[in-house]
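# Coordinate inspection notes
Here are the chains, one letter per residue:
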Amino acid sequence: MVKARDDLACGLPAAHGTPPVEWRLSNGLVPYEQALAVMDARVETIVRGEAPELAWLLEHPPLYTAGTSADAADLLEPRFPVHRSGRGGQFTYHGPGQRVAYLMLDLKRRTPDIRRYVASLEEWIIRTLRRFHVRGERREDRIGVWVRRPDRAAGREDKIAAIGIRVRHFVTLHGISLNVDADLGHFAGIVPCGVTGPSYGVTSLADLGLPVTMAEVDMALRREFEAVFGPTQRSDDRCQRSDDGSN
């Protein structure tokens, strides 16, 4: 019998002796193509055992990405560039004010269980939101983390964080996006993650009346990441994109 995600074990600590996960923060807006190239290159070095795992936190300029299950009908108005992505899922939005976290984790050093990995990502987000007194919840029929909004309507739920992953040789790519102070109007160009209907929307910490800074969110994300996935070590250089897009 297949377990519900609420019943899955959460947490994927690495095997004893595994180096800490590199924790990297990028300033500025990182172009999507550049992020894909960095992820692809890093995964190859992780597979070969030449680099530690990586958690990379960044922001993108406004754009839409289409996952492997994206329905063309869900692209309502392509007001921003649309990027085809190898991650699972459907259409989503990335832009300023949204914290994107790309994870390159070697599941062979942890537990090679994709469902448990996704449940652990949700747990990471839920724990992070709890630090700001927000109750995030998972849904069995919808990937991501949701917030109940009875202040808007009975039965209303808004999505505050999305999850989209890819796995190559048991090393993960892509990850999560958490709306901190994103322009929620930008989601109107798509059907986010294919979920539609008057009972569903999108929200952010700012929309919930919590004007927290990105730095505060980053601190909470790192603390709760370590609780779910294990130790991290800050990258020696704080990446900052130059005008030509290089780090």
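As a starting point, this report considers the structure included with it. Not measured: the values here are computed from a predicted model.

### Topic: the overall build of the chain
Looking only at helices and strands, the chain features three helices and 13 strands. For the chain, whose C-alpha radius of gyration is 17 Å, the value lies close to the compact-globule estimate of 18 Å for 247 residues. C-alpha atoms of the chain, sized along the principal axes, occupy 50 × 50 × 35 Å. Buried residues in the chain amount to 52% of all 247 residues. Contacts spanning at least 24 positions in sequence make up 71% of the contacts within the chain whose residues lie at least 6 apart. When the 33 basic and 33 acidic side-chain charges of the chain are each reduced to a single mean position, those positions are 4 Å apart.

### What to know about the packing of helix α2 (residues 114-130) against helix α3 (residues 214-229)
Axis separation between α2 and α3 bottoms out at 9 Å; the angle between their running directions is 140°. On the basis of the axis angle, α2 is oblique to α3. Here the hand of the crossing between α2 and α3 comes out right-handed. Contacts from Y117, S120, L121, E123, W124, R127 and T128 of α2 reach α3 at A220, L221, E224, F225, A227, V228 and F229.

### Concerning the pairing of strand β8 (residues 142-148)
Across the seven residues that make up β8, a large majority, five, are buried. Turn length for the strand β7 (residues 137-139)-β8 hairpin, with the two strands adjacent in sequence and antiparallel, is two residues. As defined by bridge partners, β8 adjoins strand β9 (residues 157-168) across four bridges and the pair is classed as antiparallel. Opposite R148, over in β9, you have E157 as the bridge partner.

### Thoughts on α2
Helical geometry note: an α-helix holds 3.6 residues per turn, so side chains three or four residues apart project in the same direction. When the terminal C-alpha atoms of α2 are compared, their 24 Å separation across 17 residues agrees well with the 24 Å that a helix rising 1.5 Å per residue should span. In terms of burial, α2 is a largely internal element, twelve of the 17 residues being buried. Two or three places before R115, at the opening of α2, D113 has a side-chain oxygen 3.2 Å from that residue's backbone nitrogen.

### Examining the side chain of R139
When you line up the elements, R139 lands in strand β7. A relative accessible area of 14% means that R139 is categorised as buried. For R139, the side chain forms a polar contact with the side chain of E157, separated by 2.8 Å.

### A closer look at the sheet that holds strand β5 (residues 91-94)
In a beta sheet, neighbouring strands are held together by backbone hydrogen bonds and run either parallel or antiparallel to one another. Strand order across the open sheet formed by three strands is β4-β3-β5, with mixed pairing between neighbours. Whereas interior strands pair on both sides, the edge strands pair on one side only; in this sheet they are β4 (82-84) and β5. Each adjacent strand pair in this sheet contributes to an overall mean axis angle of 30°, direction not counted. The sheet contact formed by strand β3 (residues 63-66) and β4 spans three bridges and is parallel. Counted as the bridge partner of A66 is R84 from β4.

Reading the values: rules and limits
- Residues numbered from 1 in each chain as written.
- Predicted model: local features only at pLDDT ≥ 70, side-chain atom pairs only at ≥ 80, totals over all residues.
- Heavy atoms only, no water.
- Helix = DSSP H or I, 4+ residues; strand = E, 2+ residues; numbered from the N terminus.
- Rg over C-alpha atoms; globule rule 2.2 N^0.38 Å.
- Buried < 20%, exposed > 50% of the residue type's maximum accessible area, 1.4 Å probe, protein only.
- Contact = heavy atoms within 4.5 Å.
- Lys, Arg positive; Asp, Glu negative; His and termini not counted.
- Charge placed at Lys NZ, Arg CZ, Asp CG, Glu CD.
- Axes fitted to C-alpha atoms, helices over the stretch in contact; angles between N-to-C directions.
- Parallel < 35°, antiparallel > 145°, perpendicular 65-115°, else oblique.
- Left-handed = near helix turned anticlockwise from the far one by under 90°.
- Pairing = 2+ DSSP bridges.
- Expected span 1.5 Å × (residues − 1).
- Polar contact = N/O pair within 3.5 Å; in protein donor to acceptor, adjacent residues only side chain to side chain.

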